[in-house]
Amino acid sequence: MLKNMNIGVVAEFNPFHNGHKYQIDKIIEMQPNIKVAVVSGNFIQRGEVSILNKFEKSVIAIENGYDLVVELPCYYSIQNAEVFAIFSTKILELLGVEVQVFGVESDNLKSFIKVIELQKTENYLLKLKELQKQGFSYTSSHQKILQEFGYENWYKSNNILAISYIKSIIENSMKLKYYPIKRKNVEYNGEEVIGNIASASFIRKNYNKYDINKLIPNNTKRILDAKNIDFKSIDEKIFEIFRYIFNVKSKNEIIKVYDYNDSIYNRIYKNLMVDTSEEFFDKMLSKNISKNRIKRLILNLLLDIRKEDIDKKSEIEYVRVLAMNDRGRSLIKSLKDKHFPIFVNWKDIEKNVLSHKIKIEKNAFLLYELLKKDKEKLNVVYLKGEN
């Protein structure tokens, strides 16, 4: 199915591990024309800092078989699955990708279509509304309803993203096709090691206290070995900055930030004066507010991501290339010839794109540098040759 076609993947590569290597190797076996990755940058969907910076993981991706890596802007990469999927698929479509490949917990494609159809029914929507009224989160509400319909233990991270990708493709009338590949051995957030495969979550938690060498390619190992990241310290820094900004801004200013409302504001205000970020998370958590959502709320405020910045109907304003080889460079040239706004240099984006979103990205540059002493690189990384 994939032979001589332009193939695209959306990923965080946080970090690039043997599961990612398995996926790109399976894609290469099918002899596609070009392999494109749309990658989250320095901040990821959980509302956390990436263990590797955007250029480190982009180079690793090229070295392992991709031809072109572009960035999913931070104002989309740290949002919920729906927003994440809508804008990543829009980027794939704009780049001329013909088939999106994604990892799933189940390789039964019919089950995804059935769930999408089920979620449109009036009965399903009424149940969803009722469970959320009872205080259950959006995700746990879906889990409970799907269990009633026989989809036991089905609503998991990768399946949720897969549904979001397919919905975006359908609802935005894209030409993009999709092709699921079943994840090998472990789940997205799994805490076990099976053979030489473990989840990115496990690797992040254990990279400096467990022998993870068999779980990652050599080029990931080389970069991780040079790092000594204290995630706890980073979490506390983020919390301290958040507490300061929340206290100096007015309620009217804060309510304009994406995903904030009166209820969220009041809950934060009530629970903010604690000693540690973990205490804050414990007090904030409820049936309908997850820890990941709290972390996203924090970053939305720190980066000044406003409600109008996340318009699901809006188009992609530009695409930033992070890394490419010769094959990827040829694709970029063909897109530039069509006057598509694709850039290999950040300064050119600043000159040509007039949007508040550029300020958000610059805020992210500064925050990442403050947290990890890692200054933003401005130019694309070019790796000569073809995969």
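Calculation criteria
Residues numbered from 1 in each chain as written. Predicted model: local features only at pLDDT ≥ 70, side-chain atom pairs only at ≥ 80, totals over all residues. Heavy atoms only, no water. Helix = DSSP H or I, 4+ residues; strand = E, 2+ residues; numbered from the N terminus. Buried < 20%, exposed > 50% of the residue type's maximum accessible area, 1.4 Å probe, protein only. Contact = heavy atoms within 4.5 Å. Polar contact = N/O pair within 3.5 Å; in protein donor to acceptor, adjacent residues only side chain to side chain. Expected span 1.5 Å × (residues − 1). 1 Å grid on protein atoms, 1.4 Å probe; cavity = no way out; pocket = protein on both sides within 12 Å on 5 of 7 lines; lining within 4 Å. Points joined across faces, edges and corners; volume = space filled by probe spheres on them. Nonpolar A, V, L, I, M, F, W, Y, C, P; charged D, E, K, R; others polar.

Trainee: Break down the environment of Lys57 for me, with residues and values.
Mentor: Among the secondary structure elements, Lys57 is positioned in helix H2 (residues 54–63). Lys57 gets classed as buried once you look at its relative accessible area, which sits at 0%. Once you skip the residues sitting within four places of it in the chain, Lys57 turns out to touch Glu12, Phe13, Val39, Ser40, Gly41, Ile44, Ser50 and Leu52. Within the structure, Lys57 has its side chain in polar contact with the backbone oxygen of Ser40 (distance 3.1 Å).

Trainee: Explain helix H16 (residues 326–337) residue by residue, including any values.
Mentor: Between its first and last C-alpha atoms H16 spans 17 Å; for 12 residues at 1.5 Å apiece the expected length is 16 Å, and the two agree. When H16 is considered as a whole, its buried residues turn out to be Asp326, Gly328, Leu331, Ile332 and Leu335. The secondary structure elements touched by the buried residues of H16 are strand S2 (34–40), strand S3 (68–72), helix H4 (81–94), strand S6 (319–324), strand S7 (342–343) and strand S8 (381–382). Where H16 begins, the capping side chain belongs to Asn325, and its oxygen is found 3.0 Å from the backbone nitrogen of Arg327. At the exit of H16 stands His339, carrying a positive phi of roughly 60°.

Trainee: Explain the layout of surface pockets residue by residue, including any values.
Mentor: Any space left empty among the atoms is revealed by the rolling of a water-sized probe across them. In this model, the second largest pocket occupies a volume close to 170 Å³. Trp346, Lys347, Glu350, Lys362, Phe365, Leu366, Glu369, Lys375, Glu376 and Leu378 are the residues that line the second largest pocket. Where the lining of the second largest pocket is concerned, the elements lending two or more residues are helix H17 (346–352) and helix H18 (356–372). Looking at which element gives the most residues to the lining of the second largest pocket, the answer is H18, with 4 residues. Taken together, the residues that form the lining of the second largest pocket break down as 4 nonpolar, no polar and 6 charged.

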